[in-house]
Structure formats: C-alpha cells, structure tokens
Amino acid sequence: MTQKKIGPVTVETVQGDITRQPDLDAIVNAANAALRTGGGVAGAIHRAAGPGLEQECLPLGPIKPGEAVMSGGHHLPNAHVIHCLGPVYGHDKPEDELLASCYRQALLLADRDGITAIGFPAISTGIFGYPIADAAEVSLKAVADVAPSLAAVKTVRFVLFSENDKAVFDHALTSI
Ligand code: AR6
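Basis of the calculations
Residues numbered from 1 in each chain as written. Predicted model: local features only at pLDDT ≥ 70, side-chain atom pairs only at ≥ 80, totals over all residues. Heavy atoms only, no water. Helix = DSSP H or I, 4+ residues; strand = E, 2+ residues; numbered from the N terminus. Expected span 1.5 Å × (residues − 1). Buried < 20%, exposed > 50% of the residue type's maximum accessible area, 1.4 Å probe, protein only. Contact = heavy atoms within 4.5 Å. Pairing = 2+ DSSP bridges. Axes fitted to C-alpha atoms, helices over the stretch in contact; angles between N-to-C directions. Parallel < 35°, antiparallel > 145°, perpendicular 65-115°, else oblique. Left-handed = near helix turned anticlockwise from the far one by under 90°.

Undergrad: How should I be thinking about helix α5 (residues 163-174) in this particular structure?
TA: An α-helical turn contains 3.6 residues, so any two residues separated by three or four positions project in the same direction. Look at α5: 17 Å from first C-alpha to last across 12 residues, which is about the 16 Å you get at 1.5 Å a residue. All of the buried residues in α5 are Asp165, Lys166, Val168, Phe169, Asp170, Ala172 and Leu173. Contacts made by the buried residues of α5 are with β1 (2-6), β2 (9-15), α4 (132-146) and β7 (155-160).

Pasting the structure below:
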C-alpha cells in the first residue's frame, strides 16, 4: 500500500478487488447510466452485493456522466455503494471534467453521510476506454481539490485491479 496525506485526507493506493475491502464504509461503482448490473467492476459489485442492489438502484437511474448516487451495500462488507457514471472516452466531453465530477460528487455525497473511509476503482479506465495515466492524473487531482472541504472523510483508497494500474497511480500520486 502507498499512502499520501493531502490536507485532512489520507489517499491510499492498493492492488486488489474493490469487493474485498471490508474496512471501508463505502465503495464506489463504475456504473452504467441505468444502474443495471453490467460488466467489469459493476458486475463484480452487483454479484457480491446480490440482486437487492439492482432492485434498489433501478429507481435511482438513469444518471448522466459525471453524476453519483448512493445506495446500501446489501451483502457487501460495506454499508454503502456510491454509483458513478464515468465518461466514455472520446464520446462524453469534456471527459476530464466529467471524470473529475464523478470523484467530487462521490466524495461530497460520502461526506454528507458521515462516511470516513471510501474506496474507488479507476472509473472509466476499462470498458469506457480512458487511458490509465490520464485518468490517474485527473482522478487524484479531483480528490486533492475536494479534500480540504471534507469534514468526515479521512481515507480515500484507490483499489487498482492490476499491478500496472497501481504503478501508474503511484507515479501520479508522487506529483500531486
Ligand atoms: N476491483 C477493482 N477494479 C476492478 C475490478 C474489481 N473487482 N474489476 C475491474 N476493475 P470498468 P468503466 C477495474 O470496465 O470503464 C460496466 O459494464 C478495471 O480493470 O468496470 O467505467 C458498467 O456497467 C478498470 O481499470 O468500468 C458500464 O457500462 C476499472 O475497474 C461500464 O462497464 C474500470 O473498468 C463502465 O466502464
């Protein structure tokens, strides 16, 4: 694990599976607009949470790129899931602002709910095609920008699926 303190918040990077982070109050889903089960990280989260998650989510959708909504965690070890719709790279523009908006909205929702520890996947970097190095820079800057205004959130963990993605985030974290 790599850690860096940014204002009142400790930003961490780990390689792993976002559905296996029992010490976090909330995890973030890289969702689709309709908040259906989907594939990638969304598929993994819905499988681990059970069908109650999709039932709760469907009435909350559709959401637009850059938006975030919150649900319960159902059978996940986390009390909450925050669902973000990232931009499809090359299609939803400006993609950097929409990606930053996901992190900002998710953190503000979490903070309003008194959540102290939250985990993010690398939103938009799978099926939605956002290059990992650009996404790392935008995502970490978005967290750093909002960190000073957070009262409850103390830990922000990026859970990266591959060793390479973790290395890319670690590199970006050194220059924040
Ligand atoms: N834990 C952590 N990261 C993961 C996991 C996991 N279990 N599984 C995949 N990743 P993606 P997107 C990484 O495609 O690009 C879905 O179908 C993965 O390696 O899940 O925002 C939705 O329903 C990648 O780095 O999300 C949407 O339609 C990152 O998570 C669409 O895909 C994001 O990959 C969203 O696409």
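Undergrad: How do you make sense of the sheet that holds strand β4 (residues 68-72) when you look at a structure like this?
TA: Pairing between sheet strands relies on hydrogen bonds along the backbone, with the strands arranged either parallel or antiparallel. The seven strands lie next to each other as β1-β2-β7-β6-β3-β5-β4, forming an open sheet whose pairing is mixed. In this open sheet, the two edge strands, each paired with only one partner strand, are β1 and β4. Direction aside, neighbouring strands of the sheet carry axes that sit 25 degrees apart on average. Inspection of the sheet shows strand β6 (residues 117-120) paired to β7 by four bridges, in the parallel sense. What sits directly across from Gly119, in β7, is Arg157. The strands touched by helix α1 (residues 40-49) are β3 (26-30) and β5 (80-84); relative to β3, the strand with the most contacts, the crossing angle is about 135 degrees. Against the sheet, α5 makes contact with β1, β2 and β7, and its axis sits at roughly 155 degrees relative to β2, the strand it touches most.

Undergrad: What am I meant to see in the packing of helix α3 (residues 95-112) against α4 here?
TA: To characterise two packed helices, one gives the angle between the axes of the helices and the distance between these axes. Where α3 contacts α4, the axes come no closer than 9 Å and their chain directions differ by 40 degrees. Between α3 and α4, the angle is such that the two are oblique. Considering the relative orientation of α3 and α4, their crossing is right-handed. Residue-level inspection shows Asp96, Leu99, Ala100, Tyr103, Arg104, Leu107 and Leu108 of α3 in contact with α4, the latter providing Ala135, Val138, Ser139, Ala142, Val143 and Val146.

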